[in-house]
Amino acid sequence: MSGLVSLVGAGPGNAEWLTVLGHRRLSAADVIIYDRLVDPALLSPYTADKINVGQLPYRHKISQAEINELMVNLAKKGQRVVRLKAGDPNVFGRGGEEAQYLKAQHVAFEVVPGLTSAIAGLAAAGIPITSDQATSFHVITGHRRANGQTLDWANIAHQEGTLVFVMGMENLETLTTQLIINGMPRATPAAVVQWATQWRQRAIASDLGHLVNVVQRGKLAAPALIVVGQVVNFMGRLTPKPPLQGLHLLVPYKAGSKLFSALQDEGASVNCFDRRIKNPLPVQLPDLTTGARW
Ligand code: SAH
């Protein structure tokens, strides 16, 4: 018997931004293979075996080839595998490559899309990705391409739509400088949104000319979205400020819990723990040096 591999998008992090199908696949999974950007606390309600294959940009904990092999071996044993990725699996998530590999190995698979951070992460900070002044949007990797080519900055700098860079924080200075050198006004609104939708979300707005300084002063770092364009002006006006925003709470898991929804609705990020499971919780503690609330 052959199992099924579901390449599932987790959305930007907050447990309620997962799709209904994603939740169903996670609930039925035998094994969940998840990435670095997926908050492990999101996985608390699910009883499947969990394998962290977190990959750092320059330091691969488990190689892509090993991940591919792991998925195939488990599926061939008849296991239901969820390969859980941040955001949407097909947006800079290697979803296509992994699907191709599974197909070549004759393993049944499906892709379960998720909310990409490029759109949903901006919304969480009060930035609509399009507006009357942005007739298009462009999601660009700020990480140098694997083949060593650099981005076509002249082309990018002349787009009138919203620019969203993912994986761009390490190259923030190059990125802003290149946009300016290639003709984008220094006064163009620009923002950085870190850990969007999660309890540790932080966002700052500035302009292209000052972004690097403002980000350094605010100590914002990856993972973050860099947004450039007029839509950033919405941020100040539309930033949601529910009373419990910034609080991270753990509550016991209970199907259909009203407490969970009530706290989330007031702006808290809520994760559940399962009282039946005795393992220590994989909760990430706040970095007390940044001055962030938790
Ligand atoms: N598949 C993902 C993108 C993977 S690339 C998606 O659709 O969202 C990894 C980059 O995504 C990170 O470096 C960061 O730029 C961005 N990212 C993912 N989740 C994020 C979040 N919650 N907040 C801010 N940026 C995020």
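Before reading further, recall that the structure is shown in the block above.
Just so it is clear, the structure is predicted and the values come from calculations on it, not from any experiment.

The rules behind these values
Counting starts from 1 at the beginning of each chain's written sequence and moves along it residue by residue. Only residues with pLDDT of at least 70 get local features here, since the model is predicted, and only at 80 or more are side-chain atom pairs given and counted; chain-wide, interface and lining totals rely on the full set of residues. Heavy atoms throughout the structure, all of them, feed into the side-chain values; hydrogens and water do not. Here a residue is near a molecule or strand as soon as one of its heavy atoms is found within 4 Å of it. We define a polar contact as two N or O atoms separated by no more than 3.5 Å, with the added condition that, inside protein, one atom must be a possible hydrogen donor and the other a possible acceptor, whereas residues neighbouring each other in sequence contribute only through side-chain atom pairs. Here, Shrake-Rupley sampling with a 1.4 Å probe gives the accessible areas, and only protein chains in the shown set may cover a residue. The secondary structure listing takes helices from DSSP runs of H or I that are at least 4 residues long and strands from runs of E that are at least 2 residues long, numbered from the N terminus. Burial status follows relative accessibility: with a 1.4 Å probe on protein chains alone, a residue under 20% of its type maximum counts as buried, one over 50% as exposed, and anything between as partly exposed. Interaxial angles span 0 to 180 degrees and are taken between N-to-C directions of axes, which are lines fitted to C-alpha atoms, for helices over the stretch in contact. Small angles under 35 degrees read as roughly parallel and large ones over 145 as roughly antiparallel, with 65 to 115 read as roughly perpendicular and the rest as oblique. Handedness of each helix crossing follows the sense of rotation of the near helix against the far helix: counterclockwise by less than a right angle gives left-handed, clockwise gives right-handed. In what follows, residue pairs with any heavy atoms lying within 4.5 Å of each other are defined as contacts. Residues were grouped as follows: Ala, Val, Leu, Ile, Met, Phe, Trp, Tyr, Cys and Pro as nonpolar; Asp, Glu, Lys and Arg as charged; and all remaining residues, including Gly, as polar. Summarising the geometry, the arc corresponds to the directions from the helix axis toward the C-beta atoms. For Phe, Tyr and Trp, rings pair up if their centres lie within 6.5 Å, where Trp contributes its six-membered ring, and each pair is then called stacked (planes under 30 degrees apart), edge-to-face (over 60) or tilted (otherwise). For a lysine, the NZ atom is tested; for an arginine, the CZ atom; a charge sits over a ring if that atom is within 6 Å of the ring centre and within 35 degrees of the ring normal.

Chemist: I'd love a proper account of the site of the ligand, names of residues and values included.
Modeler: By nearness alone, 18 residues border the ligand, and Val 91, Thr 116, Ser 117, Ala 196 and Ala 224 come closest of all. The contact in question runs from a nitrogen atom of the ligand to an N or O atom on the backbone of Asp 88, over 2.9 Å. Here a nitrogen atom of the ligand sits 3.5 Å away from a polar atom, N or O, in the main chain of Trp 195. In isolation the ligand has 550 Å² of accessible area, and contact with the protein removes 94% of it.

Chemist: How would you summarise the environment of Arg 200 if you had to cite specific residues and measurements?
Modeler: With respect to the secondary-structure elements, Arg 200 resides in the loop between strand 10 (189–194) and strand 11 (202–207). When its relative accessible area of 14% is taken as the criterion, Arg 200 is described as buried. For the pair formed by Arg 200 and Leu 247, sequence separation is 47 residues and the distance between their alpha carbons is 8.4 Å.

Chemist: Before we move on, can you summarise the packing of helix 2 (residues 64–76) against helix 3 (residues 95–104) with the specific residues and values?
Modeler: For the pair helix 2 and helix 3, the least separation of the axes is 10 Å and the interaxial angle reads 50°. Here helix 2 is positioned oblique relative to helix 3, judged by the angle of their axes. The two elements helix 2 and helix 3 meet at a crossing, and its hand is right-handed. For the pair helix 2 and helix 3, contact is made by Gln 64, Ile 67, Asn 68, Glu 69, Met 71 and Val 72 and by Glu 98, Tyr 101 and Leu 102, respectively. Split by residue class, the contact of helix 2 with helix 3 holds five nonpolar, two polar and two charged.

Chemist: Tell me about unusual backbone geometry, and name the residues and values.
Modeler: Negative phi is the rule for most residues except glycine; trans is the rule for most peptide bonds. With an omega of 0°, the peptide bond between Ala 222 and Pro 223 qualifies as cis. The topology assignment puts Pro 223 in the loop between helix 7 (211–218) and strand 12 (224–228). Although it is not a glycine, His 106 adopts a positive phi angle of roughly 60°. As for its position among the elements, His 106 is in the loop between helix 3 and strand 7 (108–112). Positive phi outside glycine occurs at Trp 195, with the angle close to 45°. With a relative accessible area of 17%, Trp 195 lands in the buried category.

Chemist: Outline helix 9 (residues 258–265), supporting the account with residue identities and numerical values.
Modeler: If you check which residues of helix 9 are buried, you get Phe 260, Leu 263 and Gln 264. Buried positions in helix 9, seen along its axis, are confined to an arc of 100° and lie on one side of it. Within helix 9, the exposed residues directed more than 90 degrees away from the buried face are Lys 258 and Asp 265. Where helix 9 is buried, its residues meet strand 13 (248–252) and strand 14 (269–273). Two residues or fewer past helix 9, Gly 267 is found with a positive phi of approximately 105°.

Chemist: I'd love a proper account of the packing of aromatic side chains, names of residues and values included.
Modeler: Scanning all chains against the criterion turns up one aromatic pair. Both rings, one in Trp 153 and one in Phe 165, keep their centres 6.0 Å apart while their planes meet at 35°; by these two values the pair is tilted. Note that Trp 153 is positioned in helix 5 (residues 153–157) and Phe 165 in strand 9 (residues 162–166), a separation of 12 residues in sequence. In this pair, the class of Trp 153 matches that of Phe 165, namely buried. Sitting over the face of the ring of Trp 195, Arg 200 holds its NZ or CZ atom 3.6 Å from the ring centroid. Across the ring face of Phe 234, the terminal group of Arg 237 is positioned such that the distance to the ring centre comes to 5.3 Å.

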